Amino acid sequence: MMAQYLALKAEVADCLLFYRMGDFFEMFFEDARAAALCLDIALTARGEHEGEPIPMCGVPIHAAEAYLARLIKAGHRVAIAEQTESPAEAKKRGSKSVVARAIVRVVTAGTLTEEALLDSRAANWLVAVARAGELYGLAAADVSTGRFELTSVAAPALDAELARLSAAEIVAPEPFDALQGQPLRQRCDGFDSLSAERRLKERFGVATLDGFGGFDRAALAAAGGLLAYLDEVARETLPFLQPPLGRAADGHMMIDAATRESLELSVSASGTRAGSLLAAVDRTVTGAGARLLAADIGAPLLGRPLIEARLDLVSLFAGDAGLRDGLRRQLKALPDIGRALGRLAAGRGTPRDLGQLRDGLDEARRLHDRLAARADPPMLFAELLPTLVGHGALVDLLSRALVPSPPIDTAQGGYIAEGYDSALDDLRATGGEGRRAIAGLEARFRQQTGIPTLKIRHNGVLGYHIEVPAKHADRLMAADSGFTHRQTLAGVVRFNAPDLHEQALRVGQAGAHALAAEAAHLEELVAAALARAHAIAAAADALARLDVAAALAERAAEGGWCRPHFVDHNCFEIEAGRHPVVEDALRASGERFVANDCGLSEDGRLWLVTGPNMGGKSTFLRQNALIALLAQAGSFVPAAKATLGLVDRLFSRVGASDNLARGRSTFMVEMVETAAIIAQATERSFVILDEVGRGTSTYDGLAIAWAVVEAIHDRNRCRCLFATHYHELTRLAERLDALSLHHVRAREWKGELVFLHEVATGPADRSYGLAVAKLAGLPPPVLARARSVLAKLEEGRAATGGIAAGLDDLPLFAAALTQEEAAPDPLLAALAEIDADALSPREALDAVYRLKRLAAEQSGP
Ligand code: ADP
Ligand code: MG
């Protein structure tokens, strides 16, 4: 047996091997150690291998799914070796033969279909990445629903694509730099475009791929790698794939990983779904709808017609609450037919999955009838509604064939309905008669033996048998009693009898035949469903789209959101905009969110926002980025009115000290990310920069922020909101035409600071830093001290013109590219450090000497 085990293990060296033994999956050697640790189960030993006991642990078959889930989550891959013959068959081959086993499947994070292992509201992507010349090809498959996308992107956009997909597993021929930190699986074969093309044609039974839209070499190579990997992990039953969908990388708003993270699109800063934009927007009532909404928000569109088509659909449901409610009630009762189909196609379907198709498709038709009756239908109806009908024959077949709620487990049978197959009905009747006869035997045997506690029981080992308490057993033990002894246990003794045996045989045979008949029907029914796999998948997609539209309409109605209006120039005009997540949070604590306008245009495209800490700058920046994103995803937006030109790329950067928890050289990260914006933002992009430059010293930070604002203004010329605590930056307004100054308002009232959260024009009059510190509970003596230091510093500023003095004279950005930054004056710095009030006469004298020395050094040789 060990030889067989080791041979199988060698096939899948990088996986844990689940080795089927009876009712358990066993693991051995290092696998056992790793699994015992991860699952917190007992590690035992068995036999010997090369003189050492073999470590071993196991999980029972019936609970295997839960254990699998934990191993996969912990990053393992698990190969499943099943018995491919029965012990009886093995015996026939020879008394010592080991039961034949084979690896039937490799379970990996990216190829799951099991309901229990998947999040019903999130897609589960397996992504293959290949490189051809300057391009990266990406092939992404969600085998739980069969979704399959191909795209190719230039190197700088790879990160954004990967961030959008947030893959459960990635395969690549080599560890590209861009894949660092991703759940990467490396393999080298399959990634060539020629064999990929052949594989794709075979797989989809077509002579040319042109019908799918045509793909470049990079995308094809990635597809080849993906299919090869699926072949390897799925073994015999290939998972379901719909025809590949070409995804033009330039058809979507580009949003890189840092932006997604900082805008908290699908996960909040604390790593949860709660607190994310998605959670604040999501009112879908089906798993498929939730998955589609996440995809929409992750990839806002760039094409006006498609955006307007989505918005039309939302408008219809927003304007008709009765229609919306009815639709949502219907959708809510729908099973997840996309995933049921995925399981059936992967060979892991159950009668319940077929039942779900039956119920889902039947409901889809009713939904169609409700919507098709609308006068003045939105454009998307023409595409969506036809997919919901035409499944009648399959629904009829499944309705006739299956019981109302079919089970997951087939072992007990009972899922094929009465009346579907008369032979099966006869077998069941025979079995039923036998069972009734057996029940009758119990009464007869009691009477015959005079033992009122005699019982007829059934178990897996003995089958039907007679059981009496030990104290009555003697009567049945007698040779002429008509009973044969089978087993003696502590309190009871078990017997058989010829009549019982005969009936049991009848029941057993009928049962076995019935099971076989049901299994044969199941196979036919699955085949009938899979013959319509693509039509079913299309219906599932259409239902998801309807759910998303109705959900967005519901959200809009709840929050008073408006339909965004798109124009052809690069403007961004928002009236009374709000931040959906912050607004929700405030409402929960009974507070009101203050709505704010924003108005960017081609010649007023950069807003510099100043104001006290906690004043609402970050919130204002983000709410506008989120509005742009929601609008292009086809959603209404949290504002009274929104007019905007399409945004091709969205960037959000937050000054490093907001992100200290990440534990990297955060200033470095901030600069790398800022560099990416300056390299990539176009005139159509939208950028928010939140306190960039604050991760370093004041001088450096101000200098960097200054240069970045100039670059964004002069070179990128994109729409930009820039929040800063460097008051000095407001001087830029004098020189940069398209830049205007704004601030979040605050007021000191009776010595207390009151935030108004209102965005107003002009620079902030002061920074209120001390007031904020007071609010934060800094002790009074420390505050008093800070106040006197501040007064000194401000005196210094009045005298010298402040730290930004002289910057006005700097040549403009383009000319300044080659200029070195000016070093700060050490003499002034030393002077500023002196707190005159705190000096003794002696210390004051020392200070004067020190300053004179500094002055001498500076004017020296
Ligand atoms: P800043 O970036 O200026 O330090 P934030 O945007 O982080 O300020 O906002 C601080 C807090 O103020 C938020 O957590 C929120 O509770 C509140 N706040 C921000 N904007 C608003 C608003 N428009 N209306 C009401 N409260 C707001
Ligand atoms: Mg802030």
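Located above this text is the structure these notes cover.
Residues numbered from 1 in each chain as written. Chains lettered and ligands numbered in written order. Predicted model: local features only at pLDDT ≥ 70, side-chain atom pairs only at ≥ 80, totals over all residues. Heavy atoms only, no water.

Caption draft 1: Structural context of the packing of aromatic side chains. Under the counting rule described, the total for this entry stands at 10 aromatic pairs. A ring pair is formed by Y19 and F28, whose centres lie 6.1 Å apart and whose planes are at 65 degrees; its orientation type is edge-to-face. With 6.1 Å between their ring centres and 15 degrees between their planes, W607 and F620 make a pair best called stacked. Separated by 13 residues along the polypeptide, W607 in strand β21 (residues 606-610) and F620 in helix α22 (residues 617-632) bring together distant segments of the chain. For W607, a relative accessible area of 10% corresponds to the buried category. Just above the ring of F25 sits the side chain of R20; from NZ or CZ to the centre is 5.9 Å. (Phe/Tyr/Trp six-rings, centres within 6.5 Å; stacked < 30°, edge-to-face > 60°. Helix = DSSP H or I, 4+ residues; strand = E, 2+ residues; numbered from the N terminus. Buried < 20%, exposed > 50% of the residue type's maximum accessible area, 1.4 Å probe, protein only. Lys NZ or Arg CZ within 6 Å of the ring centre and 35° of its normal.)

Caption draft 2: Just the site of ligand 1, in detail. Neighbouring ligand 1 are 14 residues, the closest being V594, M614, K617, S618 and T619. Between ligand 1 and K617 there is a distance of 2.8 Å, counted from an oxygen atom to a backbone nitrogen or oxygen. Its free accessible area being 560 Å², ligand 1 has 80% of it covered by the protein chains. Looking at the shell around ligand 1, its residues break down into 5 nonpolar, 7 polar and 2 charged. (Near = heavy atom within 4 Å. Polar contact = N/O pair within 3.5 Å; in protein donor to acceptor, adjacent residues only side chain to side chain. Areas by Shrake-Rupley, 256 points an atom, 1.4 Å probe, with all protein chains shown as cover. Nonpolar A, V, L, I, M, F, W, Y, C, P; charged D, E, K, R; others polar.)

Caption draft 3: Quick look at helix α5 (residues 155-165). Those residues of α5 not exposed but buried are A157, L158, A160, E161, L162, R164 and L165. Following α5 by one or two positions, S166 has its phi on the positive side, about 45 degrees.

Caption draft 4: Local environment of the packing of helix α14 (residues 351-372) against helix α16 (residues 392-401). It is at 9 Å that the axes of α14 and α16 come closest, and there the two elements cross at 130 degrees. Compared by their axis directions, α14 and α16 come out oblique. Both α14 and α16 take part in a crossing whose hand is left-handed. The residues of α16 that touch α14, namely those facing L354, L357, R358, L361 and D362, are L394, V395, L398 and S399. Classifying every residue of the contact of α14 with α16 by side-chain character gives 6 nonpolar, 1 polar and 2 charged. (Axes fitted to C-alpha atoms, helices over the stretch in contact; angles between N-to-C directions. Parallel < 35°, antiparallel > 145°, perpendicular 65-115°, else oblique. Left-handed = near helix turned anticlockwise from the far one by under 90°. Contact = heavy atoms within 4.5 Å.)

Caption draft 5: Spatial organisation of unusual backbone geometry. Its identity as a non-glycine residue notwithstanding, F29 has a phi of 50 degrees, on the positive side. Judged by relative accessible area, which is 21%, F29 ranks as partly exposed. Even without a glycine there, the phi angle at E50 is positive, about 50 degrees.

Caption draft 6: Expanded view of the pairing of strand β20 (residues 596-600). Burial along β20 is one-sided: the face carrying N596, C598 and L600 is buried and the face carrying D597 and G599 is not. Two strands pair when backbone bridges link them, and strand β19 (residues 572-577) and β20 are joined in this way by 4 bridges, in the antiparallel orientation. Counterpart to E573 in the pairing with β20 is G599. (Pairing = 2+ DSSP bridges.)

Caption draft 7: The arrangement of the side chain of Q632 in detail. The topology assignment puts Q632 in helix α22. According to the relative accessible area criterion, Q632 is buried, its value standing at 0%. The residues contacting Q632, other than those within four sequence positions of it, are M253, P300, L301, L302, I307, F566, L644, L646 and V647.

Caption draft 8: Highlighting the pairing of β19. As paired strands, β19 and strand β22 (residues 641-645) are joined by 4 bridges and run antiparallel to one another. Bridge pairing links E573 to T643 in β22.

Caption draft 9: Spotlight on the environment of T730. Within the secondary structure, T730 sits in the loop between β25 (719-723) and β26 (739-749). For the pair T730 and A90, spaced 640 residues apart in sequence, the C-alpha separation works out to 85 Å. Here H727 takes part through its backbone oxygen, which lies 2.7 Å from a polar atom of the side chain of T730.

These values are about where atoms sit, not about what they do.
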